[in-house]
Amino acid sequence: MLHYTVLIVDDDKRLVDTLANECVKISGVKVLKAYNVDAALQLIVANFVHLALIDMEFDGRADGNRLFRRLADSRPSCNPLLLTRRPEEYRAEFFSLLDPLDPTIKGAIDKIDFKRTWHQIVASKAVEWLSNVITVGNSGPICEALSVKLRDIAVALTADEVDYVISRLFGQGTRSLAVPVGLATVEPEMMAGGRSTSVVLRTRPTTKDGRQGIWTVIKLSPRNEAAEEYERYCSFVRFLVSLDARVELLGFIQGDTIGAICYSFAGKSPTSVCSLSELFVEESERAIQVLGGLFRPESQCWYGISGDPVSVQAFFKDAYALDPPQLLPRFKKVLEHVKNSLPDVKISGDDLIWRSQRIFFPGAAMGSTALRTPYQACVVHGDMNAGNIIVAEDNRVMMIDYRHTTFGPRALDFAALESSVRLDSTNDDSSMESIVGALKDEGAIWKRIWRVSSKAVPQAVTGGSSGAFWTRMSLTLMQHARINFPDMTETEYAATCFGWALRVMRVSGLSVAQRSRIIVWMSALCPVLERGA
């Protein structure tokens, strides 16, 4: 980042203008100025600010306190300093701002102290920030992509904030031996995919003499989500997951509205890796090998760490803020589309019947006892959709995106991939007859794993050599689930899959065909929930 922004606020216009004129003489410093509280609030909302110099008194009142509180709440990256000539007149406010347990400001400047002037302080802060300068490319487009995804933020996300978090990740503004030597530029490229509120970038930092560093991945997310992912990585990944099965966290920085996490790249370069989702879409038999590497009991340290039993209903509410009744209108709309797309559909209550196959309206199953029954819990990835499983050139299988990693239902990761393989095998060209026709196959594979062999835990994963690709992947996942958890019941597995399907139906980016496919999957689960109730 090539500049340092200073906000100056005081009702003494001559003082503000004098300070501003002196500040702009400092190399790299940009100045914003305001003569009253309202104008200052507008600048705070619209701009990313590194340093704020604010007077306490405006029109005889301690309104500077309002500005400091607003900065603390919505611009936490800013370093606020109190400008004052008479601190004794606002003693209570002054000590409140400097509360050791919850300080609102970083310090105070005496307007009439000439031993260390405000000019020297601004210059020192600017020099500190502008040491180890990192030039960041594409901040504008990245900001635009993030702005589309962010909602309910109190202040504007700006290209300056994007620039700030990325440049700090690579060492700008830090004077220590831990700063990467010689880094000069970063040109992040946005990566495709993802339905979350994050934007994912890939980049290789470049040194001043043109040498390139390693490939890295930067994930920009809402501030609280980035902090949550960092904390969960530290709790569940850093000292538990093998280096061969994870990406390494290289840095974490928070801005005002967003946070940035930098990971090592899952492979030597972007061209040397693929995701499990890509293998599902291609219907590659390599996916069988990937699932084997992912779920071998000896490679899954998480599943041996037990947590308190939890119901599917309670877990999905707490972990994902899922409120199933809100989805009922969406289910009705999709079922109406299914009805209008098929010939000779019969209506049975809220359900549809086509060629003797019942397509359930999921509303009744939402109240199933099976969803409220506590099941055993362990550490789970929490969002193991196929896009979060990366396969390197040497066939190493690595998990990424740890924001939802926590203690949860044992079948959760399997349910996420069960959903992925169904979604990845469905596209806009899929006919409704083929989508609904999969219901018969759903019942057959379920019976093969859970009904015929309910008491016989498979000793090895066979997957099957015939049938549609998704059926063989689903069989493989169920077999891995039973090998990892021999005491798991069909009701536990079905309830967890049903909960995940509800979560997926909330995603805004799904096509009607994909939503229809999820309802078909849920229709196969409904009788299992009823049996287990």
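Provided above is the structure to which this section pertains.
Note that this is a predicted model, so its numbers are computed, not measured.

Asker: So what's going on with the sheet that holds strand β10 (residues 206-207)? Which residues, and what values?
Answerer: Read across the sheet, three strands follow the order β6-β7-β10 without closing on themselves; strand pairing throughout is mixed. The two strands at the open ends of the sheet, each matched to only one other strand, are β6 (135-136) and β10.

Asker: Tell me about the packing of aromatic side chains, and name the residues and values.
Answerer: Under the definition given, this model contains 22 aromatic pairs. Relative to F252, the ring of Y230 has its centre 4.5 Å away and its plane inclined at 10°; by these criteria the two rings are stacked. Taken as a pair, Y230 in helix α8 (residues 223-237) and F252 in strand β12 (residues 249-254) lie far apart in primary sequence, 22 residues in all. According to the relative accessible area criterion, Y230 is partly exposed, its value standing at 27%.

Asker: Describe the pairing of strand β19 (residues 374-380), and please don't skip the residues or the numbers.
Answerer: Across the seven residues that make up β19, a large majority, five, are buried. Pairing of strand β15 (residues 306-311) with β19, which is carried by four bridges, proceeds in the antiparallel orientation. Of the residues in β19, the one forming a bridge with G307 is A377. Where β19 and strand β22 (residues 406-409) come together, four bridges link them in antiparallel fashion. Paired with V379 across the bridge in β22 is F407.

Asker: Account for the nonpolar core, with residues named and values stated.
Answerer: With 108 residues, the main nonpolar core has L276, F295, W302, F331, L417, Y493 and F498 as its most contacted residues. Examining the composition of this core, we find that 11 residues originate from one element, helix α18 (residues 512-532), more than from any other. Setting aside chain neighbours within four positions, we find F331 in contact with F361, P362, M366, L502, M505, I519 and M522. Core analysis: the next-biggest nonpolar cluster, separate from the first, contains 45 residues, I26, I134, F170 and V199 among them.

Asker: Describe empty space enclosed by the protein, naming the residues involved and giving the relevant values.
Answerer: In this structure the tally under the stated criterion is one cavity of 30 Å³ or more. Empty space within the largest cavity amounts to approximately 30 Å³. Lining of the largest cavity is provided by R422, E442, W446, M478, W521, A524 and L525. At the level of elements, α15 (432-451) and α18 are the ones that each hand at least two residues to the lining of the largest cavity. No other element matches α18, which puts three residues into the lining of the largest cavity. Its residues placed into classes, the lining of the largest cavity shows five nonpolar, no polar and two charged.

Asker: Tell me what's going on with the packing of helix α1 (residues 13-23) against helix α5 (residues 118-129), and back it up with residues and numbers.
Answerer: The interhelical angle for the contact between α1 and α5, taken along N-to-C directions, is 40°, at an axis separation of 10 Å. Judged by the inter-axis angle, α1 sits oblique to α5. Considering how the two elements wind past one another, α1 and α5 form a crossing that is right-handed. Taking contact as the criterion, the partners of T18, L19, E22 and C23 in α1 are, on α5, W118, H119 and V122. A breakdown of the residues in the contact of α1 with α5 according to their chemical character gives four nonpolar, two polar and one charged.

Asker: Quick rundown of the layout of surface pockets? Include the residues and the values.
Answerer: What the second largest pocket holds in volume is close to 510 Å³. S77, C78, N79, K106 and Y164 are the residues nearest the centre of the second largest pocket, which is lined by 25 residues in total. Of all the secondary structure elements, the ones that give two or more residues to the lining of the second largest pocket are α3 (64-74), β4 (79-84), α5 and α7 (159-169). When residues of the lining of the second largest pocket are assigned to their parent elements, the largest contribution, three residues, is made by α5. For the lining of the second largest pocket, the residue count by class is 10 nonpolar, nine polar and six charged.

Asker: So what's going on with the state of the cysteines? Residues and values would help.
Answerer: Under the counting rule described, the total for this entry stands at zero disulfides. The thiol of C23 is not disulfide-bonded; the next cysteine sulfur, from C78, is found 13 Å away. Overall, C23 belongs to the buried group, its relative accessible area being 0%.

Asker: Hey, could you go over the pairing of strand β7 (residues 183-186) for me, with residue numbers and the actual values?
Answerer: Here β6 runs beside β7; their pairing, made up of two bridges, is parallel. Bridging across to β7, V136 finds its partner in V186.

Asker: Quick rundown of unusual backbone geometry? Include the residues and the values.
Answerer: Of note, R355 is a non-glycine position whose phi angle comes to about 50°, a positive value. On the basis of relative accessible area, R355 is assigned to the exposed category, the value being 58%. Despite not being glycine, S356 has its phi angle at roughly 70°, a positive value. Within the fold, S356 resides in the loop between β17 (351-354) and β18 (357-359).

Asker: Got a sec to walk through helix α11 (residues 312-320)? Specific residues and values, please.
Answerer: Every buried residue belonging to α11 is among V312, F315, F316 and Y320, and all of these are buried. For α11, the buried positions fall inside an angular range of 95° around the axis, keeping them on one side. What points out from α11, more than 90 degrees from its buried face, is the exposed set K317 and D318. As for α11, its buried residues are in contact with β15, α13 (369-372), β19, β22, α14 (412-424) and α17 (490-505). One or two steps after α11, the chain reaches A321, where phi turns positive at roughly 50°.

Thresholds applied
Residue numbers here run from 1 along each chain, matching the order of that chain's written sequence. Confidence filtering applies because this is a predicted model: local features only for residues at pLDDT of at least 70, side-chain atom pairs given and counted only at 80 or more, and all residues used for totals across whole chains, interfaces and linings. Only hydrogens and water are set aside; all other atoms, that is, all heavy atoms of the structure, feed into the side-chain values. Strands qualify as paired when DSSP identifies two bridges or more between them. To qualify as a helix, a DSSP run of H or I must reach at least 4 residues; to qualify as a strand, a run of E must reach at least 2; elements of each kind are numbered from the N terminus. The aromatic pairing rule takes the rings of Phe, Tyr and Trp, using the six-membered ring of Trp, and pairs them if the centres are within 6.5 Å, calling planes under 30 degrees apart stacked, those over 60 edge-to-face and the rest tilted. A 1.4 Å probe rolled over the protein chains alone gives each residue an accessible area, and that area as a share of the maximum for its type sets the label: buried under 20%, exposed over 50%, partly exposed in between. In these notes, a set of buried Ala, Val, Leu, Ile, Met, Phe, Trp, Tyr and Cys residues joined through side-chain atoms within 4.5 Å is what counts as a nonpolar core. By definition, residues are in contact when any of their heavy atoms lie within 4.5 Å. For cavity detection a 1 Å grid was placed over the protein atoms alone, and a set of points counts as a cavity when a 1.4 Å probe fits there but cannot get out; an open set counts as a pocket when protein lies on both sides within 12 Å along at least five of seven lines, with lining residues being those that have an atom within 4 Å of a point. Grid points are joined across faces, edges and corners, and a volume is the space filled by probe spheres set on the points. Ten residue types, Ala, Val, Leu, Ile, Met, Phe, Trp, Tyr, Cys and Pro, are classed as nonpolar, four, Asp, Glu, Lys and Arg, as charged, and the remainder, Gly among them, as polar. Helix axes are fitted only over the stretch in contact, all axes being lines through C-alpha atoms; the angle between N-to-C directions runs from 0 to 180 degrees. Orientation categories follow fixed angle ranges, with anything under 35 degrees roughly parallel, anything over 145 roughly antiparallel, 65 to 115 roughly perpendicular, and all other angles oblique. Crossings are sorted by hand: turned counterclockwise from the far helix by less than a right angle, the near helix makes the crossing left-handed, and turned clockwise it makes it right-handed. The rule for a disulfide is simple: a pair of cysteine sulfur atoms within 2.5 Å. Throughout, the arc means that of the directions going from the helix axis to the C-beta atoms.

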